Amino acid sequence: MSDLQAPLRPKRKKGLVDFLVHFRWIFVIFFVLPFSTLYYFLIYLGDVRSEMKSYKQRQKEHDENVLKVVKRLKQRNPKKDGLVCTARKPWIAVGMRNVDYKRARHYEVDLSAFRNILEIDKQRMIARVEPLVNMGQITRVTVPMNLSLAVVAELDDLTVGGLINGYGIEGSSHIYGLFSDTVVAYEIVLADGRVVRATKDNEYSDLFYAIPWSQGTLGFLVAAEIKLIPVKEYMRLTYTPVVGNLQDLAQGYMDSFAPRDGDQDNPEKVPDFVEGMVYSPTEGVFMAGRYASKEEAKKKGNKINNVGWWFKPWFYQHAQTALKKGEFVEYIPTREYYHRHTRCLYWEGKLILPFGDQWWFRFLLGWLMPPKVSLLKATQGESIRNYYHEMHVIQDMLVPLYKVGDALEWVHHEMEIYPIWLCPHRLFKLPVKTMVYPEPGFEQHRRQGDTPYAQMFTDVGVYYAPGPVLRGEVFDGAEAVRKLEQWLIKNHSFQPQYAVSELNEKDFWRMFDADLYEHVRRKYGAVGTFMSVYYKSKKGRKTEKEVQEAEQAHLETAYAEAD
């Protein structure tokens, strides 16, 4: 795509909803922020209380809670009680998609007690945790031990269960893959109440490979064993500005972590962490990080930046300064680096609080940030919710590394959204074909970033209001998402299922591979108990009757398959 000229669009007539969205910051400051702070504090107290318990006590509570789940499942009458789902309220989820399957009659199972770190095994280098443990909780425990999960998603609120059943990535994913690739074992409660431990080499290996991206539709995840790695106290971060067209920016990004000689497994050439931010069609900053000891960071002449302090500039704006002052290096405390985007929610905070990045606000009220996403969703109302679905984009495009330039050009032409987040990840060549998989024959091309056992992909994160919306022009959000999804299908790329989707069922299974998933659903009795991943992910606000009819049709199909 060489023509970057954005299409001309007519002006959009504004209404009451525009007014409510424009001044929503008043409600956020006086209601959402204080309640978010209180909520975070209460959660923190609960986490501290959990950490004070012995591992033996936590394991005992875990076993008791698993038995409650098993008992609840076995009490279900399939012909009367409907399909099974968790009892978590729809607005609690961090994702943007409508959780319509919870609007109708369903059989709820409460998993809210599963939020404990069960064990940190330093010998096996494994963390055994429950699904509602979040990233802030796990790093608070592991980083002081100079340990970390191999992949730590940036936002504190993201949970282990969501990152496994859905999608999780970080700046270390170019080495370790997606979050689910770092899991060693799953503890799953199946539809019939059996509790099994699935690993890649035991009798449940097919279930092990099918769990990622399944959205909890194969069974209830009640614990996971996740790989730990040794880390140091600081991250030595190099900020490198690149100027040029979008293809130039894409190449500069690739060169920041993928050696052109193909030596992708050489730690001397490949950094520990990678991240890119494209600020305009001609400017980007790419960051490469390496773990550094406290002694190295505090050497004379080195700059230490405690980005976690509430009054500090938002991280994406701090990184942008490299465009003016050129390449520079600084040291950031490791845990603060992991959660560098939490306080401003990447750059979404600028839309929520237009002046939230100003020095006076950061100094006076920055300690209240971030607003809890679930509270924002719970208080936005029907009209504002629909407005965001039409006038706002929260999407991740997982594309092969060599197509990043094309993806950037497509986003510019269709959406004009900046900044754009770039984060690479390996897509491994596995013994079985899972829902997401590398391009067939990728290993024969020897493209930059690829190895014989994994193809390098990149998350192109598109989060913000499109340029036409900011200019007051007509913008069809649903049509833009449809075009995006078709582009992804055409280019062997993937869309995480947390996002709003316009895919019909046929196109959904053109994007994802269904074979292993459907085989495992039938084998372990999920059909007729748990809804299918498409049904759980698809968009649409429906009445209770409509959802019940869809559920009944799904059940009838399940019974026919069973017969």
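Rules of the game
- Residues numbered from 1 in each chain as written.
- Predicted model: local features only at pLDDT ≥ 70, side-chain atom pairs only at ≥ 80, totals over all residues.
- Heavy atoms only, no water.
- Pairing = 2+ DSSP bridges.
- Helix = DSSP H or I, 4+ residues; strand = E, 2+ residues; numbered from the N terminus.
- UniProt positions renumbered as here; feature names shortened; annotations may be inferred.
- Phe/Tyr/Trp six-rings, centres within 6.5 Å; stacked < 30°, edge-to-face > 60°.
- Buried < 20%, exposed > 50% of the residue type's maximum accessible area, 1.4 Å probe, protein only.
- Lys NZ or Arg CZ within 6 Å of the ring centre and 35° of its normal.
- Contact = heavy atoms within 4.5 Å.
- Core = buried A, V, L, I, M, F, W, Y, C linked by side-chain atoms within 4.5 Å.
- Axes fitted to C-alpha atoms, helices over the stretch in contact; angles between N-to-C directions.
- Parallel < 35°, antiparallel > 145°, perpendicular 65-115°, else oblique.
- Left-handed = near helix turned anticlockwise from the far one by under 90°.
- Nonpolar A, V, L, I, M, F, W, Y, C, P; charged D, E, K, R; others polar.
- Domains from an automatic or database assignment.
- Buried area = accessible area lost by both parts, 1.4 Å probe.
- Salt bridge = Lys/Arg side-chain N within 4 Å of Asp/Glu carboxyl O.
- Patch = residues over 30% accessible without salt bridge, like charges linked within 9 Å, V, L, I, M, F, W, Y side chains within 5 Å.
- Areas by Shrake-Rupley, 256 points an atom, 1.4 Å probe, with all protein chains shown as cover.
- pLDDT = per-residue confidence, 0-100.

(A) Quick peek at the pairing of strand β9 (residues 234-243). Pairing of β9 with strand β11 (residues 283-292) involves ten bridges; the strand directions are antiparallel. Paired with Pro241 across the two strands is Val285, which belongs to β11. In the sheet, β9 pairs with strand β12 (residues 328-333) via six bridges, with the strands oriented antiparallel. Each residue of the ladder has a partner; that of Thr238, found in β12, is Val329.

(B) Representation of the UniProt feature "transmembrane region" (unreviewed entry) in the protein chain within the structure. The UniProt record annotates "transmembrane region" (unreviewed entry) at residues 21-42. As annotated, residues 21-42 has a helix share of 95% and a strand share of 0%, and its two end C-alpha atoms lie 29 Å apart.

(C) The packing of aromatic side chains, seen in detail. Per the counting criterion, the structure on display carries 37 aromatic pairs. Note on Tyr316 and Trp347: the rings are 5.4 Å apart at their centroids and 70 degrees apart in plane angle, and the pair reads as edge-to-face. Within this pair, whereas Tyr316 is found in helix α11 (residues 315-320), its partner Trp347 is found in the loop between α13 (334-338) and α14 (349-352), the two being separated by 31 residues in sequence. Owing to a relative accessible area of 7%, Tyr316 belongs among the buried residues under this scheme. Three or more aromatic residues link up through ring pairs in this structure, and these residues are Tyr167, Trp213, Tyr437, Phe457, Phe494, Phe508, Trp509, Phe512, Tyr517 and Tyr534. The lysine or arginine in question, Arg72, covers the ring of Tyr107, its NZ or CZ lying 3.9 Å from the ring centre.

(D) Spotlight on the side chain of Thr529. Summarising the element assignment, Thr529 is placed in the loop between α22 (515-523) and α23 (533-537). With near-sequence residues (within four places) excluded, Thr529 lies in contact with Arg76, Leu83, Val84 and Ala191.

(E) Main features of the environment of Met125. Mapped onto the fold, Met125 is located in the loop between β3 (117-121) and β4 (126-129). Between the C-alpha atom of Met125 and that of Ile229, which follows or precedes it by 104 residues, the distance is 6.8 Å. Excluding residues that lie within four positions of it along the chain, Met125 makes contacts with Leu147, Ile226, Lys227, Leu228, Ile229 and Pro230.

(F) View of the nonpolar core. By size, the foremost hydrophobic cluster in this structure holds 140 residues, and its most contacted members are Leu207, Tyr239, Met397 and Met415. Tallying contributions element by element places strand β15 (residues 454-464) first for this core, with six residues. If sequence neighbours within four positions are ignored, Met397 has contacts with Ala407, Val411, Thr458, Asp459, Val460, Val462, Leu484, Trp487, Leu488 and Phe494.

(G) Here's a closer look at the packing of helix α9 (residues 246-255) against helix α18 (residues 404-414). With their axes 8 Å apart at the nearest point, α9 and α18 run at an angle of 140 degrees to one another. With respect to α18, the element α9 is oriented oblique. Remark: the crossing between α9 and α18 carries right-handed chirality. Residues Leu246, Gln247, Ala250 and Tyr253 of α9 touch α18, and the partners they reach there are Val404, Gly405, Asp406, Leu408, Glu409 and His412. Within the contact of α9 with α18, the residues separate by chemical class into five nonpolar, three polar and two charged.

(H) How the structure looks around the domain arrangement of the protein chain. What the domain assignment lists for the protein chain is domain 1 (56-230), domain 2 (234-340) and domain 3 (386-500). Computed over C-alpha atoms, the centres of domain 1 and domain 2 are 31 Å apart. Of the roughly 1,100 Å² buried between domain 1 and domain 2, counting both surfaces, carbon and sulfur atoms make up 57%. The tally of links from domain 1 across to domain 2 stands at two salt bridges. The partner of Glu154 in a salt bridge is Arg340, with the nearest N and O atoms 3.7 Å apart. Going through the elements one at a time, α5 (135-142) and α7 (173-176) are the ones with two or more residues in the side of domain 1 that touches domain 2. Split into classes, the residues belonging to the side of domain 1 that touches domain 2 amount to seven nonpolar, six polar and four charged.

(I) Summary view of the sheet that holds strand β14 (residues 420-428). Reading across from one edge, β12-β9-β11-β10-β14-β15-β13 is the order of the seven strands in this open sheet, with antiparallel pairing throughout. The strands lining the two open edges of the sheet, one partner per strand, are β12 and β13 (393-400). The mean inter-strand angle of the sheet, taken between neighbouring strand axes irrespective of direction, is 25 degrees. Where strand β10 (residues 273-280) meets β14, three bridges bridge the pair, whose relative direction is antiparallel. Residue pairing for β14: Met277 is matched across the bridge by Trp421. Seen against the sheet, α18 touches β10, β13, β14 and β15 and runs at an angle of roughly 155 degrees to β13.

(J) A nonpolar patch on the surface, seen in detail. A surface patch of nonpolar side chains, amounting to about 620 Å² of accessible area, comprises Leu16, Phe19, Leu20, Phe23, Ile26 and Phe30. Those elements that provide at least two residues to the nonpolar patch are α1 (16-22) and α2 (24-52). In terms of residue count, α1 provides more of the nonpolar patch than any other element does, three residues in total. Within the fold, Phe23 resides in the loop between α1 and α2. Judged by relative accessible area, which is 35%, Phe23 ranks as partly exposed.

(K) Region of interest: the pattern of salt bridges. All chains considered together, the criterion is met by 27 salt bridges. Notably, a salt bridge pairs Arg197 with Glu225, separated by 3.0 Å at the nearest N-O pair. Of the two residues, Arg197 is situated in strand β7 (residues 195-198) and Glu225 in strand β8 (residues 220-230); the sequence distance between them amounts to 28 residues. Overall, Arg197 belongs to the partly exposed group, its relative accessible area being 42%. Classification of Glu225 as buried rests on a relative accessible area of 9%. Between Asp206 and Lys523 there is a salt bridge, with its nearest N and O atoms 2.8 Å apart. Of the two residues, Asp206 is situated in helix α8 (residues 205-210) and Lys523 in helix α22; the sequence distance between them amounts to 317 residues. Look at Lys523 and you get partly exposed, because its relative accessible area is 46%. Taken together, the shared-partner salt bridges connect Glu154, Glu170, Glu275 and Arg340 into one network.

(L) Representation of the confidence of the model for the protein chain in the model. Here the protein chain averages 90 in pLDDT, while 91% of its residues score no lower than 70. Scored below 50 in pLDDT, residues 558-563 shows six contacts in the model against residues more than four places distant or in partner chains.

(M) Inspection of the environment of Ser532 at higher detail. Turning to its location among the elements, Ser532 is positioned in the loop between α22 and α23. The sequence separation of Ser532 and Leu218 amounts to 314 residues, and the corresponding C-alpha distance is 8.6 Å.

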